[in-house]
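Descriptive structure summary
Below are the chains, spelled out letter by letter.
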Amino acid sequence: MPIRLENVGIAVRDLEATIAFFTDLGLTVLGRDEVSGEWASTAVGLDGNHAKIAVLQTPDGHGQIELFEYIHPDAIETEPTLPNEIGMHRVAFSVDDIDESLAIAARHGCHPLRGVANYQDVYKLTYLRGPSGILVMLAQDLTKG
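Please read these numbers as outputs of a predicted model, since none were measured by experiment.

To continue, consider the side chain of Q140. Position of Q140 relative to the elements: it lies in strand β8 (residues 135-141). Relative accessible area serves as the criterion here: at 15%, Q140 is assigned to the buried category. A polar side-chain atom of Q140 sits 3.4 Å from the main-chain carbonyl oxygen of D96. Apart from residues lying up to four places away in sequence, Q140 is in contact with V95, D96, D97, I98, V122, Y123 and K124.

In structure tokens:
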């Protein structure tokens, strides 16, 4: 049976700020909606949920993220995930220019957790905290270009 990754869903506290962050990095908004009702309760497994959502796509057309901001029930704030915690904790992007991408992230108040690492002159890579504490990995392939 073939399987394909559709998207990665991320709950956020401020949908507009998160859209601005990811679109500034180069993603485009494919669509937006507000969802609720019985079908949403069944699909998500959360009774009476109501959320604003947006689906964003990477420039290459292969990667998508779905952002959702809960209107009801209230979102539950948690401590930001650490890189070594079990569970989903980051979204990763290949970028052409990591310095340019970090400058864009900085305009949103998002900075590397601890500098930029150079892996054997093959990749420059860093983790940063995006909106709502999302861990975002940026990697530049140094063998290209």
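F22, L67 and V136 are the most contacted members of the largest nonpolar core, which totals 24 residues. Mapped onto this core, the elements with two or more residues apiece are α1 (15-24), β3 (50-57), β4 (64-72), β5 (90-94), α3 (98-107) and β8. The residues touching L67, leaving out its near neighbours within four places in the chain, are I10, V12, L15, T18, I19, F22, K52, I53, A54 and L56.

A few words on the sheet that holds β3. The strand order across the open sheet formed by 4 strands is β1-β4-β3-β2, and the pairing between neighbours is mixed. In the strand order of this sheet, the two ends are held by β1 (8-11) and β2 (28-35), each with one partner. When strand polarity is set aside, the average angle formed by the axes of neighbouring strands in this sheet is 20°. Inspection of the sheet shows β2 paired to β3 by 7 bridges, in the antiparallel sense. If you follow R32 over to β3, its bridge partner there is A54.

What counts and how
- Residues numbered from 1 in each chain as written.
- Predicted model: local features only at pLDDT ≥ 70, side-chain atom pairs only at ≥ 80, totals over all residues.
- Heavy atoms only, no water.
- Helix = DSSP H or I, 4+ residues; strand = E, 2+ residues; numbered from the N terminus.
- Buried < 20%, exposed > 50% of the residue type's maximum accessible area, 1.4 Å probe, protein only.
- Polar contact = N/O pair within 3.5 Å; in protein donor to acceptor, adjacent residues only side chain to side chain.
- Contact = heavy atoms within 4.5 Å.
- Core = buried A, V, L, I, M, F, W, Y, C linked by side-chain atoms within 4.5 Å.
- Pairing = 2+ DSSP bridges.
- Axes fitted to C-alpha atoms, helices over the stretch in contact; angles between N-to-C directions.

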